[in-house]
Amino acid sequence: MVENRPFLTFLAHAILILGVVVIAFPVYVTFVASTLRLEEIMQAPMPLLPGDQLLENYSQVLTAGSTKGSRAAVGAMLVNSTIMALAIAIGKIAISIISAFAIVYFRFPLRMTFFWMIFITLMLPVEVRIIPTFQVIADLGMLNSYAGLTVPLIASATATFLFRQFFMTVPDELAEAARVDGAGPMRFFLDVLLPLSKTSIAALFVIQFIYGWNQYLWPLLITTDESMYTTVIGIKRMIVGSDAANEWNLIMATAMLAMLPPALVVILMQKWFVKGLVETEK
Amino acid sequence: MAGVSLRNVLKSYGELQVIHGVSMEIADGEFIVILGPSGCGKSTLLRMVAGLEVISGGQIAIGGRVVNELEPKDRDIAMVFQNYALYPHMSVYENMAYGLRIRGLPKSEIDARVQKAAGILELGQYLERKPRALSGGQRQRVAMGRAIVREPQVFLFDEPLSNLDAKLRVQMRGELQALHRRLGTTSLFVTHDQVEAMTLAQRMIVMNAGRAEQIGAPLEVYARPATTFVASFIGSPPMNLIPKDGKLLGVRPEHLEPCSPADAMLTIELDLIEPLGSDTLVYGHIADGQSARLAARLHASAPAQAGKLPVRYAPQHVHWFDPVTGKRIGP
């Protein structure tokens, strides 16, 4: 629509700017707080310009953690979070693309039953099945381990469904041409389907990486050992009690660190991500 | 290269039988067209030869070897699909080389074959392009290239020209003919287009509802259709079928010629006239009250106007059919 109505333009911009302020201001405050001394934050009102403690605060949390709450270094937590997020993202994609391949391209007994079983698990997110899942993981001795952190979160109906929908749009003739060319099922999967799915894979990777990174409840339950904390849990463990007792500058620095990797993944993979969501390459 | 034998080939999906026993011996190097309306089972028949559909009954042999239980890749065939089915993420070169790579041919051999096919099909300058960056005709040629490089015993074409525009279709038809002359590979070509069938085929199978109605050379099929289905499917406009003496009299539109009312064997009540330039098509029904629709192809110079048109036909151009079975009666 091409319109030239100054008032509408003004209104649109005003609303957008307001929206940006509402979203961005808390992030800005977080950043400012992460550069101040604790005493400065405790003043009312808190200064809204960055202070001079940036390097001190960040190096403190990265290497040593907070002094009052958990003393685990955030550097190690970032590593844990990265491992967890990567394992969940890659694991989910690997498993769901293979199950979608099986469901779409093979005729086996109870095929639709299996599909619906996968589909029904959509209704059972971790939060709903958390107690039995915890029991299973505990009995298997997987508390405080990367396996315990990731395995229960890897099965994904959403991703399976997404790949299924994508595979169903791939023309049957492509599979037949590959058969005539002499490609077996796995060859077809690797040489044809996988390259065609790469934009979907990229989009899913971004979504699932953030999903894995932001996990809170599950890691909170199964990590009791400081060395297994993820960054998000680290923030929680730094908050020890009443408002004044917490080192908000360090907590905010940790929060900034926790926000950074998902933002980086989105920014770096933006091109692929958008492609995967809006276009199908056929 | 090899011949293909279809021996009472059957296909059914559960209870539903779609191919009711087709038998044919195809000689080495022959170009066979399978012609029929949509849903007649012609593509299914081709896909059974390719190995993409299970053969429910009968036998298919390629080069004397029964292939019923063989995978497509072991049948030594190559197939060209209607929508080309090129791998979208591979370049033209990779598309053609893929099958050879799977077979484990040495790189130099693959390269030689692809370059040769690209030369034949004039695709040399497009080898690095992705299918997306090609026109419909070029994609079609890549699909053919992919078939050629395999050097198969049999080419299978599943309506390969139907996605092209009319002009390109004529051109590709010519190229296909030239290609067949050059390679001499046995070819099966499925189409619903009678012009493609008439121009390409050495012999053709006219199929209807899962049965081979007639097998023969195009002109022979045109001149002596075995059933009313073939008579009305081939030829445009189709053969006129007029009930007469308890039988069906068939006469082609071009064999009706205007005459004086005294000589008239038929009088057509014209209601539609289509001047095509080269000739004029007229349509109507028989004036004596019978309801059969008739068409006649008149010379462009013939006066055509709505009203009565007396026509006659030569006895040698008459066909007789049984009105119940639809089968041809007599020679």
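Criteria and thresholds
- Residues numbered from 1 in each chain as written.
- Chains lettered and ligands numbered in written order.
- Predicted model: local features only at pLDDT ≥ 70, side-chain atom pairs only at ≥ 80, totals over all residues.
- Helix = DSSP H or I, 4+ residues; strand = E, 2+ residues; numbered from the N terminus.
- Rg over C-alpha atoms; globule rule 2.2 N^0.38 Å.
- Buried ≥ 20, exposed ≤ 12 C-beta atoms within 10 Å, placed from the backbone.
- Core = buried A, V, L, I, M, F, W, Y, C linked by C-beta atoms within 7 Å.
- Domains from an automatic or database assignment.
- Contact = placed C-beta atoms within 7 Å.
- Nonpolar A, V, L, I, M, F, W, Y, C, P; charged D, E, K, R; others polar.
- Expected span 1.5 Å × (residues − 1).
- Pairing = 2+ DSSP bridges.
- Axes fitted to C-alpha atoms, helices over the stretch in contact; angles between N-to-C directions.
- Parallel < 35°, antiparallel > 145°, perpendicular 65-115°, else oblique.
- Left-handed = near helix turned anticlockwise from the far one by under 90°.

Trainee: Would you explain the overall build of chain A in this entry?
Mentor: In terms of regular secondary structure, chain A is built from 15 helices and zero strands. Against the 2.2 N^0.38 benchmark of 19 Å for 282 residues, chain A shows a C-alpha radius of gyration of 24 Å, more extended than a compact globule. Overall, chain A is about 75 × 65 × 30 Å in size when its C-alpha atoms are taken along their principal axes. Burial status across chain A gives 35% buried among its 282 residues.

Trainee: Just to check I follow, could you spell out the nonpolar core for this structure?
Mentor: The nonpolar side chains of a soluble globular protein tend to be buried with one another. I32, I34 and L156 of chain B are the most contacted members of the largest nonpolar core, which totals 130 residues. In terms of residue count, the dominant contributor to this core is helix α4 (residues 74-105) of chain A (nine residues). In this structure, this core is formed jointly by two domains, domain 1 (4-223) and domain 2 (237-329) of chain B, each of which donates at least three residues. If sequence neighbours within four positions are ignored, L156 of chain B has contacts with L46, V49, A50, I77, M79 and L188 of chain B. Formed by 21 residues, the second largest nonpolar core is a distinct cluster that contains I233, I251, M252 and L257 of chain A.

Trainee: Help me understand the interface of chain A and chain B in this model?
Mentor: When the parts come together, some accessible area is lost, and that loss is often what is quoted as the size of the interface. Of the residues lining the interface, 16 residues belong to chain A; the matching set on chain B comes to 16 residues. Elements supplying a minimum of two residues to the side of chain A that touches chain B: α9 (172-180) and α10 (185-196) of chain A. Element by element, the count of residues in the side of chain A that touches chain B is highest for α9 of chain A, at six residues. Grouping the constituent residues of the side of chain A that touches chain B by class yields eight nonpolar, one polar and seven charged.

Trainee: Mind showing me how you'd approach helix α5 (residues 166-183) of chain B here?
Mentor: The periodicity of an α-helix, 3.6 residues per turn, causes residues three or four positions apart to be oriented the same way. Residue and element names in this part refer to chain B. The first and last C-alpha atoms of α5 sit 26 Å apart over 18 residues, in line with the 26 Å expected at 1.5 Å per residue. Summarising the contacts, the buried residues of α5 are in contact with α4 (136-148) and α6 (194-200). One or two residues past the end of α5 sits G184, with phi positive at roughly 65 degrees.

Trainee: Whenever I open this one, the sheet that holds strand β10 (residues 211-216) of chain B confuses me. Can you help?
Mentor: The strands making up a sheet associate through hydrogen bonds between their backbones, and the pairing can be parallel or antiparallel. All names here are of chain B. As summarised here, the arrangement of the six strands in space is β6-β7-β8-β3-β9-β10, forming an open sheet in which the pairing is mixed. Only two strands of the sheet have a single partner each, and these edge strands are β6 (77-80) and β10. Each neighbouring strand pair of the sheet contributes to a mean axis angle of 15 degrees, computed without reference to strand direction. Pairing of strand β3 (residues 31-35) with strand β9 (residues 203-208), which is carried by four bridges, proceeds in the parallel orientation. Within β9, the residue paired with V33 across the bridge is M204.

Trainee: How should the pairing of strand β1 (residues 4-13) of chain B be read in this particular structure?
Mentor: Both faces of the sheet carry side chains from a regular strand, because those side chains alternate between them. Residues and elements named next belong to chain B. Relative to strand β4 (residues 57-62), β1 runs antiparallel, the two sharing five bridges. Across the sheet, residue L10 finds its bridge partner in β4, namely G57. As paired elements, β1 and strand β2 (residues 16-26) share eight bridges and run antiparallel to each other. By the bridge assignment for β2, L6 is matched with M24. Turn length for the β1-β2 hairpin, with the two strands adjacent in sequence and antiparallel, is two residues, and the turn residue G14 shows positive phi of about 60 degrees.

Trainee: It is not clear to me how the packing of helix α13 (residues 231-238) of chain A against helix α14 (residues 248-268) of chain A should be interpreted in this structure. Could you clarify?
Mentor: Describing two packed helices takes the angle between their axes plus the distance from one axis to the other. Residue and element names in this part refer to chain A. Viewed as axis vectors pointing N to C, α13 and α14 meet at an angle of 170 degrees, and their least axial separation amounts to 9 Å. In this view, α13 runs roughly antiparallel relative to α14, as classed from their interaxial angle. Two packed elements cross with a definite hand, and for α13 against α14 that hand is left-handed. For the pair α13 and α14, the contacting residues are T231, V232, G234, I235 and M238 in the first and L250, I251, T254, A255, L257 and A258 in the second. Classifying every residue of the contact of α13 with α14 gives eight nonpolar, three polar and no charged.

Trainee: Any chance you could explain the domain arrangement of chain B here in plain terms?
Mentor: In terms of domain boundaries, chain B breaks down into domain 1 (4-223) and domain 2 (237-329). Spacing between the C-alpha centres of domain 1 of chain B and domain 2 of chain B amounts to 38 Å.

Trainee: So what exactly am I meant to see when it comes to unusual backbone geometry here?
Mentor: Of all residues except glycine, most have a negative phi; of all peptide bonds, most are trans. Each neighbour pair has its own omega, and for S236 of chain B with P237 of chain B the value is -5 degrees, a cis peptide bond. In this structure, P237 of chain B sits in the loop between α8 (228-233) and β11 (240-244). The backbone of N144 of chain A shows a phi angle near 55 degrees, a positive value even though the residue is not glycine. Examined against the element boundaries, N144 of chain A turns out to sit in the loop between α6 (130-139) and α7 (146-154). Given 15 C-beta atoms within 10 Å, N144 of chain A falls into the partly exposed group.

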